[in-house]
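Report on the structure
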Amino acid sequence: MIKFSKEIIIVLFLLVVNLSQSQSVFGKWKTIDDRTGLPKGVIDIYKKDGLMYGRLIKVLEPGKENMLCGKCEGDLKDKPVLGMTIIDAAEENEDGEWKGKTLFDPEQAMTFRCKIWLNPDNENELKVRGYLAFIYRTQTWVRVEE
């Protein structure tokens, strides 16, 4: 039988605790416009049935707090932007990236394919890339401490 010293057990325990507390893509994120550098809103990213979803929970742009989706069509036409689901059913890949067919921009009333991942150099930054055909834009969102 192998005997472990108290120190080894404590070190192993601390490593496991540290790994379990590593950051994830889930939580609240402040969106930053990649063109202006200004904050636009707060998105609550959550997991449901193994898929990623994101909902706009706060509008940060002055004067747009009660914005309606005027350019939208169908059921979203003239609905409040606040509360809208903008990431719908993204799936996780083995490498920790999430990919999906629905990243919705209510300001443009456009839907993009998306790829979402944590910045490997800073777990408080989320990289969000929207694709339209072969063209893409990437934004860096910042974690909102709860």
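Check the entry above for the structure.
This structure is a prediction, so every number in the text was calculated from the model and none was measured. (Residues numbered from 1 in each chain as written. Predicted model: local features only at pLDDT ≥ 70, side-chain atom pairs only at ≥ 80, totals over all residues. Heavy atoms only, no water.)

1. Side note on the overall build of the chain
What counts here: Numbering of helices and strands runs from the N terminus, with a helix taken as a DSSP run of H or I at least four residues long and a strand as a DSSP run of E at least two residues long. Only protein chains enter the area calculation, which uses a 1.4 Å probe; residues under 20% of their type maximum are buried, those over 50% are exposed, and those in between are partly exposed. Note on contacts: a residue pair qualifies if any of its non-hydrogen atoms lie within 4.5 Å across the two residues.
Counting its secondary structure elements, the chain contains 1 helix and 8 strands. Helices (α) and strands (β) of the chain occur, in sequence order from the N terminus, as α-β-β-β-β-β-β-β-β. By residue count, 29% of the 146 residues in the chain fall in the buried class. A separation of at least 24 residues holds for 38% of the contacts in the chain among residues at least 6 apart in sequence.

2. Examining the state of the cysteines
Put simply, the rule is: Two cysteine sulfurs form what is called a disulfide whenever their separation falls within 2.5 Å.
Within this structure, the stated rule accounts for 1 disulfide. Here Cys69 engages in a disulfide with Cys72; their sulfurs sit 1.6 Å apart. In this structure the cystine formed by Cys69 and Cys72 twists about its S-S bond by roughly 50 degrees; its chirality is therefore right-handed. Residues Cys69 and Cys72 agree in their burial class; the two are buried.

3. Observations concerning the side chain of Gln139
Filter applied, for reference: A 3.5 Å cut-off defines polar contacts: any pair of N or O atoms within that distance qualifies, except that in protein one atom must be a possible hydrogen donor and the other a possible acceptor, and neighbouring residues in sequence count only when both atoms are side-chain atoms.
Within the secondary structure, Gln139 sits in strand 8 (residues 135–143). Note on Gln139: relative accessible area 17%, which makes it buried. Here Trp141 takes part through its side chain, which lies 2.9 Å from a polar atom of the side chain of Gln139. In contact with Gln139, not counting residues within four places along its chain, are Ile32, Asp33, Asp34, Leu126, Lys127 and Val128.

4. Considering the sheet that holds strand 3 (residues 51–59)
Sheet strands pair via backbone hydrogen bonds, and the direction of the pair is either parallel or antiparallel. Heads up, the condition is: Only strands that DSSP links by at least two bridges are regarded as paired with each other. Only C-alpha atoms enter the line fits that serve as axes; for helices the fit covers just the stretch in contact. Angles between N-to-C directions range over 0 to 180 degrees.
Taken together, the 8 strands give a closed barrel; going around it, the order is 1-2-3-4-5-6-7-8, and neighbouring strands pair in antiparallel fashion. Taken pair by pair, the neighbouring strands of this sheet meet at an average axis angle of 30 degrees, ignoring direction.

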